[in-house]
Amino acid sequence: MSFAAALLFWFGFLGLAAVWLVYPAALWLLARHVSDPPVPTGGAAGSVTVLIAAHNEASNIAARLDNIFEQETKKLLSVLVALDHCTDDTKHILENRPAMHPDQQVAWFETTQRGKAMAHNQAMGIIKTDIVVFTDADTIFENGFLDHICGVFTDPRVGYCSGVLSWRGKNTPEGASNFPLYWRFETWLRIMESRLGICAVGTGACSAMRPQLFVPLHPTSDSDCSTPLDVVHQGYLCRIVPDARAIDFVADTVRGEFQARVRMTAKNFRNTIASWRWREGIVNKPAVTLGIVLHKIGRWLAPYLALSLLIGGTILVLHGAGPFVASVTLVGYAGLVAAG
């Protein structure tokens, strides 16, 4: 019993330490000796398509298009809306758009299969511009977003890049947004990985790529999970662009936000495991593979690592464990209470 308990405790402790302390510290130390990659604005990409997959977005789509075309950019800009089996007035709004804004290039089509991934797959067969920008119907680009994110593609090694999101409640006044501590830490990790050239993650609502690198998505996947991995497999870099900022919205209730996070985590966990070519990655891209394990998979498994630590530590404490095990276990319970 004591051996099994010790195994549980040390498995949980070492796993949590590797994910939350050792890996971030290693990134920080290594990145200190690497300068930020150049992020020029007004880059070589001459034409850009902003792709929106929309399902019943009548309340958002007009404002979303206004926000995109208010971007101060000299690039040839167009928007493609993939209507994912809409049953509201989204299609009607798009049909009337040319009469009100004849100078804006907005195209739309109705998808033949349900789901965001299928909408992206169908849309990517239509897009012929230099760059495609992925976004959602309720996201807001801050001014300069398009030039910042497209400018990164002046580096021919870059195949995919992502901006930085902050959040706002649906009833929060305009101009106010939330950048929680956890998301600051996540963004910092991504920037460090980007600086070291081992980034393989993005944010779907504010990301961009070279269309020719797109690999069709599985029906349950998304462009912020599988697509960066596909791009890295093809030998290109993923970059994080701190100056390319966007705003997204959280659910109205804690329960709604929790359910959204559970769905997102379950989907990304499954697709990360399935999308990364592990044997090839370990041999040819060991640093990227290590980052995927410690940055993504390790943090998704953190609750189970914590549970392992608490179960093992509790048993050891009951059998007279030393002060280190008792202290760590106590801290674990305190963290659990604080989270609750």
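Preceding this section is the structure that the text describes.
What counts as what
Residues numbered from 1 in each chain as written. Predicted model: local features only at pLDDT ≥ 70, side-chain atom pairs only at ≥ 80, totals over all residues. Heavy atoms only, no water. Buried < 20%, exposed > 50% of the residue type's maximum accessible area, 1.4 Å probe, protein only. Helix = DSSP H or I, 4+ residues; strand = E, 2+ residues; numbered from the N terminus. Pairing = 2+ DSSP bridges. 1 Å grid on protein atoms, 1.4 Å probe; cavity = no way out; pocket = protein on both sides within 12 Å on 5 of 7 lines; lining within 4 Å. Points joined across faces, edges and corners; volume = space filled by probe spheres on them. Nonpolar A, V, L, I, M, F, W, Y, C, P; charged D, E, K, R; others polar. Phe/Tyr/Trp six-rings, centres within 6.5 Å; stacked < 30°, edge-to-face > 60°. Lys NZ or Arg CZ within 6 Å of the ring centre and 35° of its normal.

Draft legend 1. Highlighting the pairing of strand β7 (residues 206–209). Burial along β7 is two-sided: the face carrying C206 and A208 and the face carrying S207 and M209 are both buried. Direction of pairing for strand β4 (residues 131–135) relative to β7: antiparallel, over a ladder of 4 bridges. Considered in β7, the bridge of V133 is made with A208. Bridge analysis of strand β6 (residues 158–168) against β7 gives 3 bridges, and the strand direction is antiparallel. Residue pairing for β7: S162 is matched across the bridge by S207.

Draft legend 2. Geometry of empty space enclosed by the protein. One pass over the structure, following the stated rule, counts 2 cavities of 30 Å³ or more. In this structure, the largest cavity spans a volume of roughly 40 Å³. Broken down by element, the lining of the largest cavity gets its largest block of residues, 5 residues, from helix α10 (residues 286–300). Classifying every residue of the lining of the largest cavity gives 6 nonpolar, 2 polar and 2 charged. Its volume calculated, the second largest cavity comes out at about 30 Å³. Lining the second largest cavity are S162, G163, V164, W183, T187, R190, T203 and I240.

Draft legend 3. The arrangement of the packing of aromatic side chains in detail. Applying the stated criterion across every chain yields a total of 11 aromatic pairs. On the numbers, 5.8 Å between centres and 20° between planes, the contact of W20 with F185 is stacked. With W20 in helix α1 (residues 2–31) and F185 in helix α6 (residues 181–196), this pair connects stretches of sequence that are 165 residues apart. For F185, a relative accessible area of 23% gives the class partly exposed. Counting every residue linked through ring pairs, the aromatic cluster contains F9, W10, F13 and F324. Seen from the ring of F141, R64 lies directly overhead, with NZ or CZ sitting 4.3 Å from the centre.

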